[in-house]
Amino acid sequence: MTSFKNDDKKYIAGTYGRFDLELVSGKGAVFTDINGKEYIDMGSGIGVNIFGVGDSEWVAAVTKQASKLQHTSNLYYTEPCVRLAEALCEKSGMKKVFFCNSGAEANECAIKAARKYYSDNHDGAEGEIITLKNSFHGRTITTLAATGQDVFHKNFGPFTDGFRFVEANNCDELREAVSDKTAAVMIEMIQGEGGVNPLEKEFVDCIKELSKEFGFLIVVDEVQTGNGRTGKYFACEHFSLAPDIISTAKGLGGGLPIGATLFSDKTQNVLGPSDHGSTFGGNPIAAAGALSIVKRVDDELLCEVEKKGEYIRKALGEAEGVKSIAGMGLMLGIETAGDAKKIAAECINRGVLVLTAKTKVRLLPPLNITYSQLDRALDILKEVIKNEASA
Ligand SMILES: *Cc1c(COP(=O)(O)O)cnc(C)c1O
């Protein structure tokens, strides 16, 4: 096959610092490049391909729907999005779902709904949303405004008003920030792009208590942590937290673009006709593929996710150059003595794809990766971390 990376440089807007790797196909937790070389996938395309590449049930669901009906617009009823919403509500205890096409869009909808809930209950007044420092909620102007990292804000102002930031795990700072103006507190249970940092249980309890006292909504961004990634369907379950709004995307579609915003009993009727919408939202093909994924994220799979997470922690825990491992289930961040970007690049040379998050090596493997694939990938990763530590 002829290389296409130079044409990419010529025609694709330069927003991505890509690794020197041209991928063309794959199966399960293995990608194949343009030269036929194989790579064990420890990143799932950033937590998207949760059953790997070319999962047969997903392919069957998608192709069947593609040949039947690919799109109608939301002016009419179609069944795949209904069945998907039903499955998501059954898994989460939430009551209604809005579908869109990405994580940022799922958060946009969550933010609009939180603002409207406040407005509805405060004679049309405008409320504030508190998010956490070091968070990541997306790349649109409003979700960037919600993102508590200055690096993303440079050159793109002015931003949407109405956001305040507090330090994660600092209950005192949060207590000082909340008021009767607070419409919502929006959090990731584990900050993903921020470096795989799980929230502390005490801080989540603090949010719950303050929410009871002040009446603000709790919005949980499960774009990365959702859909079985951490060993529960949604990571908030680890914290016995029942959010008012949950956003999710990434793993939901198994590789097709889809996002969802889930509403609880309390928020299910906040958005009414023409309050929000999306041309592609709930697209039949994306929804049919997602349904084939969601229904298999059952207790048995979640238990496997926990076990594989423990297995990785054990394998890397005492490895040379590994300083700490954070995360839950198959969402892990490894602090090493070396440079994470260099480790990721060297792993590619040796046939393993890993991600980074801030200074950490981040692992988000397909949930159905096999133990022999894990063994091979971990042996290589250990070797590379060790070499980088002494480099
Ligand atoms: C990836 C991510 C987003 C943005 O999702 P897109 O699909 O890229 O818009 C938002 N929130 C979190 C927590 C994410 O990990």
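Data block above holds the structure.
Residues numbered from 1 in each chain as written. Predicted model: local features only at pLDDT ≥ 70, side-chain atom pairs only at ≥ 80, totals over all residues. Heavy atoms only, no water.

A. Molecular detail of the environment of Ile245. Tracing the sequence through the fold places Ile245 in strand 11 (residues 245-248). On the basis of relative accessibility, which here comes to 0%, the residue Ile245 falls in the buried class. C-alpha of Ile245 to C-alpha of Asn368: the two residues are 123 residues apart in sequence and 28 Å apart in space. (Helix = DSSP H or I, 4+ residues; strand = E, 2+ residues; numbered from the N terminus. Buried < 20%, exposed > 50% of the residue type's maximum accessible area, 1.4 Å probe, protein only.)

B. Main features of helix 10 (residues 299-317). Helix length check: helix 10, at 19 residues, gives a terminal C-alpha distance of 26 Å against a target of 27 Å (1.5 Å per residue), a fit within 8%. Here the buried face of helix 10 lies against strand 13 (322-328), strand 14 (331-336), strand 17 (360-363) and helix 12 (371-389). (Expected span 1.5 Å × (residues − 1). Contact = heavy atoms within 4.5 Å.)

C. Region of interest: the layout of surface pockets. Roughly 820 Å³ of internal volume is contained in the second largest pocket. Around the second largest pocket, the lining comprises 24 residues; the ones closest to its centre are Asn74, Lys96, Val97, Phe98 and Phe99. Looking at the lining of the second largest pocket residue by residue, the class counts come to 12 nonpolar, 10 polar and 2 charged. (1 Å grid on protein atoms, 1.4 Å probe; cavity = no way out; pocket = protein on both sides within 12 Å on 5 of 7 lines; lining within 4 Å. Points joined across faces, edges and corners; volume = space filled by probe spheres on them. Nonpolar A, V, L, I, M, F, W, Y, C, P; charged D, E, K, R; others polar.)

D. Layout of the site of the ligand. Around the ligand, the surrounding shell consists of Ser102, Gly103, Ala104, Asn107, Phe136, His137, Gly138, Glu188, Asp221, Val223, Gln224 and Lys250. At 2.8 Å, a backbone N or O of Ala104 approaches an oxygen atom of the ligand. Asp221 places a side-chain nitrogen or oxygen 2.8 Å from a nitrogen atom of the ligand. In the complex, the protein chains occlude 82% of the 380 Å² of accessible area that the ligand would expose alone. Ranked by residue count, the leading element in the shell around the ligand is helix 5 (residues 103-121), at 3 residues. When the residues that make up the shell around the ligand are grouped by side-chain class, the tally is 3 nonpolar, 6 polar and 3 charged. (Near = heavy atom within 4 Å. Polar contact = N/O pair within 3.5 Å; in protein donor to acceptor, adjacent residues only side chain to side chain. Areas by Shrake-Rupley, 256 points an atom, 1.4 Å probe, with all protein chains shown as cover.)

E. Broad picture of empty space enclosed by the protein. Across all of its chains, the model carries 1 cavity of 30 Å³ or more by this definition. Estimated volume of the largest cavity: approximately 50 Å³. Along its surface, the largest cavity is lined by His71, Thr72, Ser73, Asn74, Thr78, Thr279, Phe280, Gly281, Gly282, Asn283 and Pro284. For the lining of the largest cavity, the class distribution of residues is 2 nonpolar, 9 polar and no charged.

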